[in-house]
Amino acid sequence: MMPGEKSRIWHPFTQHALQGAMTKIVRGEGAYLYAADDRRIIDAIASWWVVTHGHCHPHIVGAIQKQAEQLNQIIFAGYTHEPAEEVAAQLLKLAPRGLDYVFFSDSGSTSVEVALKMALGYWHNIGEPRSRIVVMQHSYHGDTIGTMSVGARGVFNSAYEPLLFDVTSVPFPECGHEQETLDALEAACRNENPAAFIVEPLILGAGGMLMYPAWVLREMRRICQAWGVLFIADEVMTGWGRTGTLFACEQAEVSPDIACYSKGLTGGSLPLAVTLCRADIFDAHYSKDRTRTFFHSSSYTANPIACAAAKANLDLWQDQAIRNNIAGVAAMQEKGIARFRADARFRNVRRTGTITALDLEVADGGGYLASVGPKLQAFFSSRNLLLRPLGNTIYVMPPYCVTAADLNEIYTGISDAADVLA
Ligand SMILES: *Cc1c(COP(=O)(O)O)cnc(C)c1O
């Protein structure tokens, strides 16, 4: 682009009329991004929750390079390849027991679309058609029409509301009100004959980093099981160590019927997603009758280069030191957030695993469009911190190679922002 020329790129979740100049990033390494103007920026949100082991991790980069020279794309209907086979086999060993099949796609949203189609296909094919989906208040499952339908309604999707399908929503399990959630779920299961319940385990991400305890997750799973309602765990964000365990469901000893993983699946290097399911869901589609086929694909299903990156990520997770480091990051995060627990400028100071969040007290009550949001972001940017608050909710979700010094810089920035902006 020539100097002074206006970019014609339409960026995601960006109000171009308010957005200042875009920061151009030229290089990433570990927890750092390097801008074209030579600034070093700490990536405190893992580039939208995807980068787990750090930017340009050499083992993942090496696997990508090697695969790119060998086989970079192949139709995945009627053909298979070693990187996909290895990823599937390793995933099934790591994922909660009871998940038996792996379906590949290329984003978190598509992995959820696939989960919903699997659930409806299951009921359709066993001759007991069901289509109602039960969801949790404040949840986020993606930006496609189907995933918006099962996510929270609001400013993000009001223009598309006429196209969204109707769902049953149970309240978020606020501390002290968990039983209301469980009762609502049980009532929905009893009265509405739903096909499935979909939920983000332990942390609702885009809904505001809302956290709830493992026992609630376990109870919700138990209720679904008791009523024969498929339980879909959307671990697109919570997977890959974020909540302190490889998958959030582990903490509740929960085996979902269907699980969605993406974001950190390739360590944050390439787009790839998987939807895992129990054998009976696969079996309901297994037939000499071609009308029972699972009719879903994307052009780049199980792209070999993305699979090689995922395979390299899975290799890294075999390393005990990398697993142990999660507890180390969680401990550093606790240390970082602790100073705010008695700080009157903030509310709901919280942490689950490696993720911390806190809500800045603001006069206009907060929410995603709280006027303080863009101001916070600008302040953090001036401190060379990549933080992107959800309204007045500030959260820190770093790559696992973050250092105590980096975190100190991040939390000092958050404290200073509150001084300037609260
Ligand atoms: C990010 C996210 C998605 C959507 O993933 P994309 O790759 O952005 O399509 C779905 N579910 C959850 C819980 C997410 O955090």
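What you see is a predicted model, and the numbers here were worked out from it, not measured in a lab. (Residues numbered from 1 in each chain as written. Predicted model: local features only at pLDDT ≥ 70, side-chain atom pairs only at ≥ 80, totals over all residues. Heavy atoms only, no water.)

### Structural notes on the overall build of the protein chain
Formally: Numbered from the N terminus, helices here are DSSP runs of H or I no shorter than four residues, and strands are runs of E no shorter than two. Relative accessibility under 20% of the residue-type maximum defines a buried residue, over 50% an exposed one, and the middle range a partly exposed one, all with a 1.4 Å probe and only protein chains included. Contact definition: two residues touch when any of their heavy atoms are within 4.5 Å. Only four residue types enter the charge count, namely Lys and Arg as positive and Asp and Glu as negative; His and the chain termini do not. Throughout, a charge is located at the NZ atom of Lys, the CZ atom of Arg, the CG atom of Asp or the CD atom of Glu.
Looking only at helices and strands, the protein chain features 12 helices and 16 strands. Overall, the C-alpha framework of the protein chain stretches about 65 × 55 × 45 Å when taken along its three principal axes. Of all 422 residues assigned to the protein chain, the portion counted as buried reaches 51%. Nonlocal contacts in the protein chain, meaning residues at least 24 apart in sequence, comprise 70% of its contacts between residues at least 6 apart. Charged side chains of the protein chain number 35 positive and 43 negative; the gap between the two group centres comes to 2 Å.

### A word on the packing of aromatic side chains
Note the threshold: The criterion for an aromatic pair is that two Phe, Tyr or Trp rings (for Trp, the six-membered ring) have centres within 6.5 Å, with stacked assigned to planes under 30 degrees apart, edge-to-face to planes over 60 apart and tilted to the rest.
One pass over the structure, following the stated rule, counts 17 aromatic pairs. Measuring from centroid to centroid gives 5.9 Å for F76 and F104, while their planes differ by 90°, and the two rings are edge-to-face. Taken together, the residues span a long stretch of sequence, with F76 in the loop between α2 (58-70) and α3 (82-94) and F104 in strand β4 (residues 101-105) at a distance of 28 residues. Residue classification places F104 among the buried positions, given a relative accessible area of 4%. Centroid distance F282 to Y286: 5.9 Å. Interplanar angle 35°. Geometry classified as tilted.

### Quick look at unusual backbone geometry
One non-glycine residue, A46, adopts positive backbone phi at about 50°. Structurally, A46 is set in helix α1 (residues 46-49).

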